[in-house]
Amino acid sequence: MLFHRIDFMMISGVSSAVSSYPAYGERPGREETRAIGKARADEAVGQLSAEELALVDELKQTDRKVRQHEMAHMAAGGGMITSGASYTYERGPDGQSYAVAGEVGIDTSPGKTPQETIERARRIRAAAMAPADPSGQDRAVAAQAAQMEQQARAELAQQQLSGGEGDGQDSQRQRLQAAYGDPSSTDKGPRLDTYA
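Calculation notes
Residues numbered from 1 in each chain as written. Predicted model: local features only at pLDDT ≥ 70, side-chain atom pairs only at ≥ 80, totals over all residues. Heavy atoms only, no water. Helix = DSSP H or I, 4+ residues; strand = E, 2+ residues; numbered from the N terminus. Buried < 20%, exposed > 50% of the residue type's maximum accessible area, 1.4 Å probe, protein only. Pairing = 2+ DSSP bridges. Core = buried A, V, L, I, M, F, W, Y, C linked by side-chain atoms within 4.5 Å. Contact = heavy atoms within 4.5 Å. Phe/Tyr/Trp six-rings, centres within 6.5 Å; stacked < 30°, edge-to-face > 60°. Lys NZ or Arg CZ within 6 Å of the ring centre and 35° of its normal. Expected span 1.5 Å × (residues − 1).

Secondary-structure assignment places His69 in helix H3 (residues 50–77). With relative accessibility at 7%, the residue His69 sits in the buried group.

Laid out in structure tokens, this is it:
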């Protein structure tokens, strides 16, 4: 499974609600609430040291990368995704939480037929390798998907050689007979055999 995570969380450092809202009984609208929260965050950032500001910038960059990484998995995974992105957070010196790791669940079960399994394996591999910077876990999932595809291809080939219908197409033997004729045929007329 691919794992990377996102969660949206607003944390405010408000100690008293009275000073942040208009007159008693009035509730600010969504935009006013956001403006108040942003003003407080800006005020908190203004009180940070240069070291703390550098850490906040680093956390913001990490948060952005983690979210983009997980969204790439989700976009490429389509119907294979079993759970949305979930995130692990770290609180910065500004009091805000930043995503530092994430995960996305993906269904890695085989299909009902070898052909369906091959298609599923391709989609799993595409989802695993979708981010610009796949993690070690992403690469491991892609390798498992490649192995799953290889096994399904071997099973499909075995079905075709044994005369099974496999994926609904003629078996290998039937195709060879159609191309080269039936060796049990009583017609012993002139034949032309070519080898490439």
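Here we take up the pairing of strand E1 (residues 81–91). Where E1 lies against strand E2 (residues 97–106), eight bridges are found, and the strand directions are antiparallel. Bridge pairing links Arg91 to Ser97 in E2. Remark: five residues form the turn of the hairpin made by E1 and E2, two consecutive strands paired antiparallel; Gly95 in that turn has positive phi of roughly 85°.

This part takes up the nonpolar core. Formed by 16 residues in total, the largest nonpolar core has its most connected members in Tyr87, Ile106 and Ile124. Secondary structure elements with two or more residues in this core: E1, E2, helix H4 (114–128) and helix H5 (136–161). Beyond its immediate chain neighbours, meaning those up to four positions away, Ile124 contacts Met80, Ile106, Asp107, Thr108, Val141, Ala145 and Met148.

Here we come to the packing of aromatic side chains. Scanning all chains against the criterion turns up one aromatic pair. Note on Tyr87 and Tyr89: the rings are 6.4 Å apart at their centroids and 55° apart in plane angle, and the pair reads as tilted. Here Tyr89 falls in the partly exposed class, since its relative accessible area comes to 22%. The side chain of Arg67 reaches across the aromatic face of Tyr87, ending 5.0 Å from its centre.

Under the 1.5 Å per step criterion, the end-to-end length of H3 is 41 Å for 28 residues, consistent within 8% with the ideal 40 Å. Taken together, the buried positions of H3 are occupied by Val56, Leu59, Asp63, Val66, Arg67, His69, Glu70, His73 and Gly77.

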